[in-house]
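Listed here are the chains, written in short residue letters.
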Amino acid sequence: MTEEYIKTVAVHMDNLNTHPHCSHGPTLLFSRGSDNKKFYSCSAHRDRKKCSFFVWENQIESIGQKFMEQYERDLFVTKMMRYKLQSRYDHIKNLTPEERCFCQKCGELFSKTQQDLHSDHCEMLVENINDLKLSHPSQLFRPLQESKSESQYFFTENTIEMLIKMFRSVGTTNIICIGAPTIHERILCDVPEMNSVLLDIDHRYLQFYDTNHFRWFNMYNCHVLEECDTEFVLEDILTQGDSTAVFIDPPFGGRLEPLAYTLEKFDQIRKKNNKSILSKFLVLPYFMERFVVNCLPGMSMIDYKIDYINHKKFNSSGRSNGSPIRIFTNVDQSKISLPVEENYRFCDECNRWVCSENVHCYKCNSCTSKNGRKYIHCNLCKRCVKRTWKHCKECNKCCLIEHACKRFPIKGKMKDRSYKKHIVKGKNHDQNLNKYDVMD
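Procedures and definitions
Residues numbered from 1 in each chain as written. Predicted model: local features only at pLDDT ≥ 70, side-chain atom pairs only at ≥ 80, totals over all residues. Heavy atoms only, no water. Helix = DSSP H or I, 4+ residues; strand = E, 2+ residues; numbered from the N terminus. Buried < 20%, exposed > 50% of the residue type's maximum accessible area, 1.4 Å probe, protein only. Contact = heavy atoms within 4.5 Å. Areas by Shrake-Rupley, 256 points an atom, 1.4 Å probe, with all protein chains shown as cover. Phe/Tyr/Trp six-rings, centres within 6.5 Å; stacked < 30°, edge-to-face > 60°. Lys NZ or Arg CZ within 6 Å of the ring centre and 35° of its normal. Expected span 1.5 Å × (residues − 1). Pairing = 2+ DSSP bridges. Polar contact = N/O pair within 3.5 Å; in protein donor to acceptor, adjacent residues only side chain to side chain. pLDDT = per-residue confidence, 0-100. Axes fitted to C-alpha atoms, helices over the stretch in contact; angles between N-to-C directions. Parallel < 35°, antiparallel > 145°, perpendicular 65-115°, else oblique. Left-handed = near helix turned anticlockwise from the far one by under 90°. Nonpolar A, V, L, I, M, F, W, Y, C, P; charged D, E, K, R; others polar. Core = buried A, V, L, I, M, F, W, Y, C linked by side-chain atoms within 4.5 Å.

Visitor: Any chance you could explain the overall build of the chain here in plain terms?
Guide: Looking only at helices and strands, the chain has 12 helices and 25 strands in total. Expressed as a percentage of its 440 residues, the buried residues of the chain come to 51%. The long-range fraction of contacts in the chain, counting pairs at least 24 apart against all pairs at least 6 apart in sequence, stands at 53%. Summed over all atoms, the accessible surface of the chain reaches about 21,700 Å², with 48% contributed by carbon and sulfur.

Listed below in structure tokens is the structure:
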């Protein structure tokens, strides 16, 4: 897929309720090319092998209902309603650990008496499941690392501990975890003063939680993928109390516009029910800051490096400057303390916690570093830049020392092209992130 093609793709979030549905809920309307031709495609999957729905906008009426009906719901949910799943879970929970099994190939929890049904998957069977693992299903699953929309990398223990402390420090008692199962598991098992509900597109969690603690959910169209009224379910989740926060760990290759749409829907539900402003926490790479702020005004970046336990690049040992993943929030950062033992300090001038390497610049009146390295101030640009950059007279700005002068003559295009390079070559969770040196 060429850069020129990607640059011209836009997503239109108006009137989503009128869009045709695929098995993942309302599709998104995209446009591409100079002729601005529009088409509907799956909101959750860009890979046609995962969801093949694709219809040009002007063909909707001519295609007809028969075409739409081929996109049925997942057979796992169609064959087994939630009450049956819960009944089976209760049965297995009452068994001894030796009698419990989980097939990573089928993604199914079952008793040892049914092991013959999975005889071809012996190498992918998990046996002797104790109560701890049963209450932490993410430890049983085989992570979906190959997917462009369901990539699963789980937080390290230090990161989980810091996040729980963060929720406590801002007085949160209700957490909505979107795509963050390890945070959900920790809260349910070890944090009795908080309540958590997991919203995730991974249907395997249906087997482990009741409707009060899990909903099969698509974050890119704000749709519950179950036989229920989405608005009614979300209203019930979002109005549990005033001190409610939403924590989102999305696949980094997804568009920000649909996420902004979902958060806006959440805010509308809260406002309708006279609830306070929803606290938001969004996990994304630091180099997407400008796009986050553009799509979600009021969000700022916390200078904390998020580590994933099963990703060789997104952790403290994977890169010399640590993980490039950060948290964006609408919460006052002076309320959020960061661990001193992990090399963080409080900046009195900024009134927030920052990484120790992030030196305060009195000319910018801010701790300006984004990537874990010390920045230097350029008097000509009147801002701090990365130490690997130098001011170029021809470009009239700071750039990498080796660069093609005036390659990005228009500032907006520079942003767009840099963003696309990161998203396409540097991120989905499952892809290599060493291509973002253009930003370093």
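Visitor: Honestly, the packing of aromatic side chains in this entry has me stumped. Any pointers?
Guide: By convention here, two paired aromatic rings are described through the distance between centres and the angle between planes. Under the defined criterion, the tally for this structure stands at 19 aromatic pairs. An angle of 65° between the planes, with centres 4.8 Å apart, marks the rings of Phe-141 and Tyr-205 as edge-to-face. Residue Phe-141 is located in the loop between α6 (131-134) and α7 (157-169), and its partner Tyr-205 is located in the loop between β11 (195-200) and β12 (214-218); the two are separated by 64 residues in the primary sequence. Tyr-205 shares its class with Phe-141; the two are buried. Summarising the aromatic geometry, the rings of Phe-346 and Trp-353 are spaced 5.8 Å apart at their centres and angled 70° between planes, so their arrangement reads as edge-to-face. Taking the relative accessible area as the measure of exposure, Trp-353 reaches 17% and is therefore buried. One aromatic cluster in this structure is built from Tyr-89, Phe-102, Phe-141, Tyr-205, Phe-208, Tyr-209 and Phe-214. Of note, Lys-37 hangs over the ring of Trp-56, and the distance from its end group to the ring centre comes to 4.3 Å. The ring of Phe-141 carries the charged tip of Arg-204 above its face, separated from the ring centre by 4.2 Å.

Visitor: Any chance you could explain helix α10 (residues 256-272) here in plain terms?
Guide: The end-to-end C-alpha distance of α10 is 24 Å, a good match for the 24 Å that 17 residues give at a rise of 1.5 Å each. By the burial criterion, the buried members of α10 are Leu-256, Pro-258, Leu-259, Ala-260, Tyr-261, Thr-262, Leu-263, Phe-266, Ile-269 and Arg-270.

Visitor: It is not clear to me how the sheet that holds strand β13 (residues 223-224) should be interpreted in this structure. Could you clarify?
Guide: Within a sheet, adjacent strands bond to each other through the backbone by hydrogen bonds, running parallel or antiparallel. Strand order in this open sheet of 8 strands is β13-β12-β11-β10-β14-β15-β17-β16, and the pairing throughout is mixed. One side of each edge strand has no neighbouring strand; the edge strands of this open sheet are β13 and β16 (300-302). Direction of pairing for strand β14 (residues 244-248) relative to strand β15 (residues 279-285): parallel, over a ladder of 4 bridges. Each bridged residue has a counterpart across the sheet, and for Ile-248 the counterpart in β15 is Leu-282.

Visitor: Explanation requested: the side chain of Asn-371 in the structure shown.
Guide: Structurally, Asn-371 can be placed in the loop between β21 (366-367) and β22 (375-378). Engagement of the side chain of Asn-371 in a polar contact is seen with the backbone nitrogen of Arg-373, the distance being 3.1 Å.

Visitor: It is not clear to me how the confidence of the model for the chain should be interpreted in this structure. Could you clarify?
Guide: Segments scoring low in pLDDT should not have their predicted coordinates read at a detailed level. The predicted model of the chain has a mean per-residue pLDDT of 83, with 82% of residues at 70 or higher. Scored below 50 in pLDDT, residues 1-6 makes 5 contacts in the model with residues more than four places away or belonging to other chains. Segment residues 409-440 is flagged for pLDDT under 50; beyond a separation of four residues in sequence, or across chains, it makes 88 contacts in the model.

Visitor: Is there a simple way to think about the side chain of His-360 in this case?
Guide: Relative to the assigned elements, His-360 resides in strand β20 (residues 360-361). Discounting chain neighbours no more than four positions away, the residues touching His-360 are Arg-345, Cys-347, Glu-349, Cys-350, Asn-365, Ser-366 and Cys-367.

Visitor: Looking at this structure, how should I read the packing of helix α9 (residues 230-238) against α10?
Guide: Pairs of packed helices are described in terms of their axes, by the angle between the two and the distance that separates them. α10 packs onto α9 with a crossing angle of 70° between their chain directions and a minimal axis gap of 10 Å. As judged from the angle between their axes, α9 and α10 are roughly perpendicular. Relative to α10, α9 is oriented so that their crossing is right-handed. Note on element contacts: α10 touches α9 through Phe-266, Ile-269, Arg-270 and Lys-272, opposite Glu-231, Leu-234, Glu-235 and Leu-238. Split into classes, the residues belonging to the contact of α9 with α10 amount to 4 nonpolar, no polar and 4 charged.

Visitor: What exactly am I supposed to notice about helix α8 (residues 181-190) here?
Guide: For an α-helix, 3.6 residues make a turn, and residues three or four places apart therefore share a direction. Burial analysis of α8 places 7 of its 10 residues in the buried class, the great majority of the element. Turning to α8, its buried residues are Pro-181, Thr-182, Ile-183, His-184, Glu-185, Arg-186 and Ile-187. Next to the buried residues of α8 lie α7, β10 (174-178), β11 and β14.

Visitor: Help me understand the sheet that holds strand β9 (residues 125-127), please; the structure alone is not making it clear to me.
Guide: If you walk across this open sheet you meet the 3 strands as β8-β7-β9, and the pairing is antiparallel. For this open sheet the edge positions go to β8 (108-111) and β9, each flanked by a neighbour on one side alone. Taking the axes of each pair of neighbouring strands and ignoring which way they run, one obtains an average angle of 25° across the sheet. Direction of pairing for strand β7 (residues 100-103) relative to β9: antiparallel, over a ladder of 3 bridges. What sits directly across from Cys-101, in β9, is Glu-127. Of the strands in this sheet, β7 and β8 are in contact with helix α5 (residues 82-93), which crosses β8 at around 50°.

Visitor: Would you mind showing me how to read the nonpolar core here?
Guide: Across soluble globular proteins, you tend to see nonpolar side chains buried next to one another. Within the largest apolar cluster, 103 residues are counted, with the highest numbers of intra-cluster contacts made by Leu-163, Phe-167, Ile-183 and Phe-266. If one sorts the elements of this core by residue count, α10 sits on top with 7 residues.

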